[in-house]
Each structure stands twice: as structure tokens, then as C-alpha cells.
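# What the coordinates show
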Amino acid sequence: MTLAMPAPEPEILARRDELIERLRAILPTQNLIMDETARRAYECDAFTMYRALPLVVALPETVAQVSAVLALAAEMNVKIVPRGSGTSLSGGSMPLEDGILLGMSKFNRILEIDYENRCARVQPGVQNLAISKAVESRGFYYAPDPSSQIACSIGGNVAENAGGVHCLKYGLTTNNILGLEVVLMGGEIIRLGGKHLDSEAYDLLGLMTGSEGLLGVVTEVTVRILQKPAVARGLLVGFSSVEAGARFVGAVIARGIIPGGMEMMDKATIHAVERFQPCGYPLDAEAIVIVELDGAQAEVDHLVGLVETIARDEGATTTKVSKSEAERLQFWAGRKNAFPAVSCIKPDYLCMDGTIPRARLPEVLAGMDEIAKREGLQVANVFHAGDGNLHPLILYDASIEGEMERAEKVGFDILRLCVAVGGVLTGEHGVGVEKRDLMGEMFNETDLDQQLRVKCAFDSLNRLNPGKVFPTLHRCAEFGMMHVSGGKTPFPDLPRF
Amino acid sequence: MDALLATLDIRDAADAVDALRAANTRKTPFAIVGAGSKKRLGRHAPLQQHISTRALTGVTLYEPEELVLSARSGTPLREIEELLDAHNQQLAFEPMDYAPLLGGATRSATIGGAIAVNASGPRRIKAGAARDHLLGFHCVTGRGEVVKSGGRVMKNVTGYDLSKLVCGSYGTLALLTEVTLKVLPKAETEQTLLVLGLDEAQSLAQLRRASGSPHEVSSFAMLPAGAAPLGLDANAALLRIEGPEISVSTRREALIAQLGDTGARFETLPQNESGALWAALRDVTPLAAHSGQIWRLSVAPTDGLAVLDELRNAGAPIIAYYYDWAGGLVWLCLEPAGDAHAGTIRTAVDACGGHATLIRASDDIRARVDVFHPQPAPLAALTKRVKESFDPAHILERGRMREAF
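The shown structure was predicted, so the numbers you read here are calculated from the model rather than taken from an experiment.

## As for the overall build of chain A
In terms of helices and strands, chain A carries 17 helices and 19 strands. Dimensions of chain A, computed from C-alpha atoms along their principal axes, come out at roughly 75 × 55 × 45 Å. Burial analysis of chain A (497 residues in total) assigns 65% to the buried set. Across chain A, the fraction of contacts at a sequence separation of at least 24, relative to all contacts at a separation of at least 6, is 71%. Carbon and sulfur atoms make up 51% of the accessible area of chain A, which totals about 16,700 Å².

Structure below.
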């Protein structure tokens, strides 16, 4: 447990009763969770290594209530943490002991589906997959497909700029969002974008997407919906080395082909998956690549032939092409079960999330192995090969003294390696609490100061989701972003860590 | 100091830091100029001092297999496009060239300028805008600080996505020194299907039907009868189909089968003519030859016609127009007026949601009329705070976007 959170502010803790009293004036009692047992349900998100009991949980149902809660938090100088379904893997919605947890789960309605304009207006608590389900009868879907799509909320997807298997071809959340309604820390309600393309003036829509809940609370999202491709076919290609698999991925792209998905798994994962739920992966392969080609029938057939040829040229040891929808789904079944499957090797794992330039894949995989071995641990790899987004799973056993800390150290060293080869700390899970203290690996102090100044433009008192993303908690006044009267900043006790 | 114009050619970021720090001390603003193709774009607020990026050129990284390219901001777009073309790749967002509309040498624009105005073409609806292809950048902020953001990889959520902010900020936040872009393979071939002989509403409805089909149309425009560059005797709904040869022809047939119930007639433009047509629509050549004031309206696809009808009903003197983005982008040329018809146009756009930008008008009018869509007070205040987070003294491009900064 190496990540420090800002120490709870005693003066906020002391005003809990007053805060609750004033929240009662905004929300019905059943929308406030105050007793400790019930609050426990909210003490962490999917980054379960770190936990904190929120001061109080507020579950608003209307935009006016969100606005009033934020305005109250600003007025009382209380921290506030927005939360969707709590599936963040980086602790983005981890609560604070001296903060309100603002649960958006009651914002769960699809407000409008507009097929003619190829978009839907939804509330932030709607699940990602529910959007696709709502429009599938007309042949449409929502493209970004994070692995957690059955559970995660679209508001959380906006906060994290979520990705998924389809991203290489269809883009991330940021490329599939048209509009947002946002409540700012002072309670002001703004609308960005709409059903038209491109947000006007400064692209605050793009800035909000991936801002990890530090800039505002999303209360409505307009998403693009796409017509499903006419057909999709899968290829399962095995290689005798990770290098050969990586060369194959590069060769497909160099040939001008952008598959709908291109995923790679290493030997450890292949074997774990086959033990967990056999789906016909070749056990003799050092790596497999699943390629999905989608589009018009004639185009897909043409491209499948090309990719098969490339696979042969790159020395594939096995190549299977799906002959039915069932077979295509079977290729994916192992990939989709990879995370639970590795739990059969060790009871716990840490899922890292770095992106690298694809050409550096073989050396990064070798480097990761070396880092893990140094700590006596093992790494299993499953990743989005097309875009270089890696998800090394660091296997450990939390019941063994010190193993979790060693796993954490391995994770940090792996992310440092990603940055060292020209990559980044996170491709889709967000910085959150998990990678906060590594931000200095990618950015120097001036870079980070500029990002913090942007934060100050939205939230000058740093009350919205503090302790996430940035390794130090600055006062906006230090950046000349706050009015300082008589040499005194407001709230001089603002913590630093 | 030279009362006319002082232009500083920067060689690197350090030169820009020196210039902007000095400007902060003296409180004197700078305009940023690359090739100058967009100097008549935006509010007219002439500044005495210019920073020129014309010496800041060169592609610094290009890895075709990684789909990534970095270039210094003054690099001519033409050079980048030629380099990509030699590897069968492209900037999929098709940055428009403003020269046909605003004067100056065509194909002279720089990559920094294209990013600064978020220039995007007809493929926007499928492939995204410039903002969707900017992976990372280096800049010098209005404070005179060197800052970088983003990276060179396709998936990156490390820190705030400042790339989105600088894209379309018209140089008001920072001077870009280097940009890193996602590039994509060029399609093997393209064709354009012309759906002819329908009235305007029907033509636009066909675009929307096609955009809701699985046939992966990459651009959707509607050109009224007689409009350049085709000069046809009937309205034309235009659908661009790109991909491998076999796929393009089967998708064209599928579209004809789907849209054939309307009594329309169909024609097909082969690759070269199709390419030329979309380049012309990208650069707004249907309006360029007309004298008059030019507006760009971005609305929901179903609202394009409604807005235009509203303007017709209000008696707006429309000289020429066409639709792109399946009806959601309306390019309009009107008889000149002292207020550039801003009130009428913005009332019509506000009724449905969207924004209108005055693209071509005299300097005098662009100094008096809001060029960019006015914002509600909380959004305007936030916008100003964001500007000041990069450039507290309003040094960069003062007045270019808003009178307030």
C-alpha cells in the first residue's frame, strides 16, 4: 500500500452533521446513504487494493439536485467524488473519507433514440451495453466496447475515455460522443455539443472526455450510434514466437488493412484460458492473434484471403478462419474469459494498462518478464495488438506476506518501461489513484502545471475528485488562477501530499 | 518599433519562449502565422507583431506501420500529404484548404494551421475531424512555457486530453511547435454515386438513409441543380464509396437497390472524377466564385434543411449553398449586409441547436459581428478561464475568437 491519499480534513469531518442536514434539504432521505454498513458498499471501485469509507453517499435523480449538491459542496468547501457503476480499474471513483460520494446510478434512462441523426441521448448511469441493446433491433450499435461493458456506465466511459476491442477501427469514447450536459463545481449547468458534429469554440467536449471526473459531473450524454457491419469474420492465427505475432500485426496494417479488432495473447494466457473454458486455442503456440474483419461481405471475404496470405508469409503455425457466427464467437470466448481464467494460476492479479509503439512489443514483453522474475512473480499477457495497448496481468497471492506490494512494484516498473520506449502510462483505464504517482514519468513539472491550471479553470478550490490523476495537490492561487485578497488565499488549510 | 508589422521567424521552441516571455512583460500581443492562408479567418483584430512558423519545418517521425507521423508545425500540408501518398497513406480527416475562399496561394497551408482551426473535410462524418487524429503535441503557451501533451500511440488517456483543446483554438492558447498525428491507409479506390432528380428534401432524406445503412459510405453531400463544380441540371445527392475495388462496386449496387424506390436516377463518377469532386467540396469551391458573405452552419443532419427554409422564409438573400455531412453542414453564400445576416442566421440555428461561423466577410464586418457563435454566460466565463489558464495576459491572437480575449 504505497499510495497516500490526502489526509482527511478534520474541519470537514466535524461538519458532517451540518452537511447531512443541508443535503436533506436537497434530496429525499432515501437518496442519502449515511449509516456505515450501507456506506461500505461504496468504499472502493474495481481497483480494490485501496478503500475508503465515504463521508456520505448522495444519489441524486435530477439535474437540479446534482447542481444543488455541487453548489453546496462548493459553499461548504467539501470534497465530492462522482461515481457511475464503480468499475474503474484505476481507482477513479474511489471515495474520500472527508468527501461526498455522488452516485449517478439513478440517472439510468435512455432519453431519446434518433435514428435519422444516428445518435442517442442517454443519462450517464445507463450501461454501455444497454445502448447497443436498445438500438440493435434496427441494426445499430454503440462502438466503444470496454470489457466491462455489461456493467460500466456511459458516464464513467466519458470520464475515463473508455476503449475496447473495436477502438483501432472505430475510435475511443471521445470519437463517439457528440454532446454532453455537465454540471460545474459551482452548480452551473452547461451544454457542450449536441446532435451536430464538433463542439463549438474550445473543444470542452473533448477535454471533458477522459478528465476522470475532475472537471465536472456529466448529467447527459449524446452518443453516436453506427449501423452494424453487414458481416464479421474472425481469424485465429498461432505463432511460434511473440516476435512473429507482432510482425504479423504490423504487416496487416502495412498492407492497408484496419481490422475491426486485433487481439494477442501469450502462452501463459492461452494455457490458462484452455484450462478455464476450452475453446480450441493451439496449445503449442507461443502467441495467438485473433483478427476480426468486418464490413461488406465481398470486402470481408477479400480481406480474409489477404490476411491469411500475410499470416502464411509471416510463418504462422496455425490459421483458422471462422466459417460460422458461432465459430467467430468461439474465437472471442477465450479472449473475453482471459481475465477470470488467469485466476486459476494465482488467486489475485493486478491488471496493468500501458500503450507502446507496436514495433517495440517483443522487447517490452521480454522486459516485463525480466521485471516480474526479479520479484519472483509471473506476468500473463493479453492485449489490443492493433493499437499497442497492453494489459499485463501480474499474478500474485495476497495471502502471502509482501506479495501484493511486490506485484505493485512490478506494475510500476512495467509502466515505466512502457514510457521509456515511447509509450504512455494508460491506454484506457485512466490514471486515477493507481498511476497518479507515475505521472512524472511522462510529464515534467511544467506540463503538469498546465494541466493543473486547466483543472483550476473548472474547479478553483480543488474540491472535485481531488487526490486523483495528479501527484501533488496544488492551490490554484499558486498558478495565479485564484483571486488572492490581502495575501490570504481562501482555505489556507488545503492539504498537500 | 516598426509601426507597420514586425514578424519574428522562430527557429525553435526556445525562440518562441523568448518572444512570448518578452511579450508578457511588455503586455504586447502576438499573432501566429504559418503560410498565411487563414489570416482572413476569425475575428478581425489586427496585431502589430507576428510570430512566423515558416522556418519551423520538417517531418520528424514517420512510421507507416505504426500509422503515426510527427511534424514541426510550419511544415506545408502538401509535403506531408505527398510523403503519405508515397506510402499509400493519408490524413483521413481531409483538411480543407481555405485559399479558394479567402485568397492566397492554394495548397500552401501548414499542418500547424490545419490543427489550429480543426480543419476537416467531407470524410468528417465517418473518419473524424482533425481533433480526432491529433495524438499529441509540443507547444509554447501564452505564458511562454514549453508544454507537451498526449503521445504518439493510438490509445492514450494519460492526463487531460489537451490535444482536443488546442485543435480549433485558432492559436489563442498556445503556439504549436510540433504535432503528432494518426495517419491511415488510403482506400484502394473510390467512386461517387450520384442520386439525381429528387427535390431537396428527398435528396437529403436519401443521404440520411444511406448514412443509416451498413454500406459504409464515407461522405454524404447534396449539391443543388446548377451548382459548381458539377453544374448538373438536377439536384444531386452525392455518396462517396471507398475501399477495395470489389467492395466498392458491390456496395454501390447495394445502395442503388436500397435507394431505388424513389424514382431517382443514378450515375457513377469513377475514381479520378470522384476524387476531384470531393476535393472541390472540401475546399468549398461551389461558393468560392460567388462574391458575397459566407457562413458555415453545423447542425444535426435533419435540421440542415429546416434552418435553410427558415432563412428563406425570413427573406435572407441566399446566392448559393450546398450541404455536406448528410445535411448537417450547410455552406451558405449571401448578399452582403452590414450585420452579415448574423441575427437571422443565429436565430434559425439556435432554434434547433448547433453553431454558425462567419467564414468570409470584410475585415470591418468581422471586427463588428461575432464570427463564432455566441455562448451562454456560464460557458463564456468558463471558456475565458480556460484561455487564461494558458495565456493569462491575452498575448496570443488577442481578439481572434472573442472580443473578451
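Let's pick the thread back up.
## Considering the overall build of chain B
When helices and strands are tallied, chain B shows 14 helices and 18 strands. Relative to the globule expectation of 22 Å for 405 residues, the C-alpha radius of gyration of chain B, 21 Å, shows essentially globular dimensions. Considered along the principal axes of its C-alpha atoms, chain B spans approximately 70 × 50 × 35 Å. In chain B, once contacts between residues fewer than 6 apart in sequence are set aside, the share between residues at least 24 apart is 72%. Carbon and sulfur atoms make up 51% of the accessible area of chain B, which totals about 13,600 Å².

## Overview of the domain arrangement of chain B
Residues and elements named next belong to chain B. When cut into domains, chain B gives domain 1 (1–186), domain 2 (189–282) and domain 3 (285–368). Of note, the centres of domain 2 and domain 3, computed from C-alpha atoms alone, are 24 Å apart. Taken residue by residue, the interface counts 15 residues in domain 2 and 14 residues in domain 3. Between domain 2 and domain 3 lies a buried interface of about 1,200 Å² when both sides are counted; carbon and sulfur atoms form 59% of it. Here domain 2 and domain 3 share one salt bridge between them. Residue Glu200 is joined to Arg312 by a salt bridge in which the shortest nitrogen-to-oxygen separation is 3.1 Å. Taken together, domain 2 and domain 3 are joined by eight residue pairs in polar contact (both at pLDDT 80 or more). Contributions of two or more residues to the side of domain 2 that touches domain 3 are made by helix H7 (200–211), strand E12 (217–223) and helix H9 (271–282). Broken down by element, the side of domain 2 that touches domain 3 gets its largest block of residues, five residues, from H7. Here the side of domain 2 that touches domain 3 is built from residues that sort into 13 nonpolar, no polar and two charged.

## A word on helix H8 (residues 245–259) of chain B
With 15 residues, H8 of chain B ought to run about 21 Å at 1.5 Å a step, and its terminal C-alpha atoms sit 21 Å apart, in line with that. Burial in H8 of chain B covers these residues: Ser247, Val248, Arg251, Arg252, Leu255 and Leu259 of chain B. In a view along the axis of H8 of chain B, the buried residues occupy a sector of 130°, so they form one face of it. Contacts from the buried residues of H8 of chain B go to helix H11 (297–313) of chain A together with strand E11 (189–196), H7, E12, strand E13 (236–243) and strand E14 (265–269) of chain B.

## Some thoughts on the packing of helix H14 (residues 361–374) of chain A against helix H15 (residues 403–420) of chain A
Residue and element names in this part refer to chain A. Where H14 meets H15, the axes come as close as 10 Å, and the angle between the chain directions of the two elements is 155°. The angle between H14 and H15 places the two elements in the roughly antiparallel class. Once H14 is placed against H15, the crossing between them reads as right-handed. On H15, the residues touching Val364, Gly367, Met368, Ile371, Ala372 and Arg374 of H14 are Val410, Asp413, Ile414 and Leu417. For the contact of H14 with H15, the class distribution of residues is seven nonpolar, one polar and two charged.

## Thoughts on the state of the cysteines
All names here are of chain A. In total, this model carries one disulfide over all chains according to the counting rule given. Each sulfur of the disulfide joining Cys456 and Cys476 lies 2.1 Å from the other. On the sign convention where negative means left-handed, the S-S torsion of about -90° between Cys456 and Cys476 marks this disulfide as left-handed. In this pair, Cys456 sits in helix H17 (residues 445–458) while Cys476 sits in the segment after H17, placing the two residues 20 residues apart along the sequence.

## Some thoughts on the sheet that holds strand E1 (residues 32–33) of chain A
Residues and elements named next belong to chain A. Ordered by their spatial adjacency, four strands build an open sheet running E1-E2-E4-E3, and the pairing between neighbours is mixed. Each edge of the open sheet carries a strand with a single partner, namely E1 and strand E3 (79–83). Pairing of E3 with strand E4 (residues 99–103) involves five bridges; the strand directions are parallel. Looking at E4, one finds that Arg83 is bridged to Gly103. Contacting E3 and E4, helix H4 (residues 63–76) crosses the sheet at an angle of about 170° to E4.

## A word on the sheet that holds strand E2 (residues 30–33) of chain B
What holds strands together in a sheet is hydrogen bonding between their backbones, with the strands either parallel or antiparallel. All names here are of chain B. With respect to topology, three strands assemble into an open sheet ordered E1-E3-E2, the strand pairing being parallel. Each end of this open sheet is capped by a strand with a single partner; those strands are strand E1 (6–9) and E2. Taken pair by pair, the neighbouring strands of this sheet meet at an average axis angle of 30°, ignoring direction. In terms of strand pairing, E1 meets strand E3 (residues 49–52) through four bridges, oriented parallel.

## Considerations on the side chain of Ser211 of chain B
With respect to the helices, strands and loops of the structure, Ser211 of chain B is situated in helix H7. You can call Ser211 of chain B buried: its relative accessible area is 5%. Separated by 3.0 Å, the side chain of Ser211 of chain B and the backbone oxygen of Arg208 of chain B make a polar contact. Excluding anything up to four places from it in sequence, Ser211 of chain B contacts Arg118 of chain A together with Phe220 of chain B.

## Quick look at the confidence of the model for chain A
In the predicted model, chain A carries a mean pLDDT of 93, and 96% of its residues have values of at least 70. Below a pLDDT of 50 lies the segment residues 483–497 of chain A, which in the model reaches 29 contacts outside its immediate sequence neighbourhood of four places, other chains included.

## Here we look at unusual backbone geometry
Following Ala228 of chain B, the chain continues to Pro229 of chain B via a peptide bond in cis, the omega torsion being 0°. When you line up the elements, Pro229 of chain B lands in the loop between E12 and E13. For Asn77 of chain A, which is not glycine, the phi dihedral falls at a positive 60°. Structurally, the position occupied by Asn77 of chain A is in the loop between H4 and E3.

## Points about the packing of H17 of chain A against helix H14 (residues 377–390) of chain B
Packed helices, taken two at a time, are described by the angle between their axes plus the distance between the axes. One way to put it is that H17 of chain A packs onto H14 of chain B with a least axis distance of 9 Å and a crossing angle of 155°. It follows that H17 of chain A is roughly antiparallel to H14 of chain B by the angle criterion. Along this stretch, H17 of chain A crosses H14 of chain B, giving a crossing that reads as right-handed. Residues Gln450, Arg453, Val454, Ala457 and Phe458 of chain A of H17 of chain A touch H14 of chain B, and the partners they reach there are Leu382, Arg385, Val386, Ser389 and Phe390 of chain B. Here the residues of the contact of H17 of chain A with H14 of chain B are counted per class, giving six nonpolar, two polar and two charged.

Conventions and cut-offs
- Residues numbered from 1 in each chain as written.
- Chains lettered and ligands numbered in written order.
- Predicted model: local features only at pLDDT ≥ 70, side-chain atom pairs only at ≥ 80, totals over all residues.
- Heavy atoms only, no water.
- Helix = DSSP H or I, 4+ residues; strand = E, 2+ residues; numbered from the N terminus.
- Buried < 20%, exposed > 50% of the residue type's maximum accessible area, 1.4 Å probe, protein only.
- Contact = heavy atoms within 4.5 Å.
- Areas by Shrake-Rupley, 256 points an atom, 1.4 Å probe, with all protein chains shown as cover.
- Rg over C-alpha atoms; globule rule 2.2 N^0.38 Å.
- Domains from an automatic or database assignment.
- Buried area = accessible area lost by both parts, 1.4 Å probe.
- Salt bridge = Lys/Arg side-chain N within 4 Å of Asp/Glu carboxyl O.
- Polar contact = N/O pair within 3.5 Å; in protein donor to acceptor, adjacent residues only side chain to side chain.
- Nonpolar A, V, L, I, M, F, W, Y, C, P; charged D, E, K, R; others polar.
- Expected span 1.5 Å × (residues − 1).
- Arc of directions from axis to C-beta.
- Axes fitted to C-alpha atoms, helices over the stretch in contact; angles between N-to-C directions.
- Parallel < 35°, antiparallel > 145°, perpendicular 65-115°, else oblique.
- Left-handed = near helix turned anticlockwise from the far one by under 90°.
- Disulfide = S-S within 2.5 Å.
- Pairing = 2+ DSSP bridges.
- pLDDT = per-residue confidence, 0-100.

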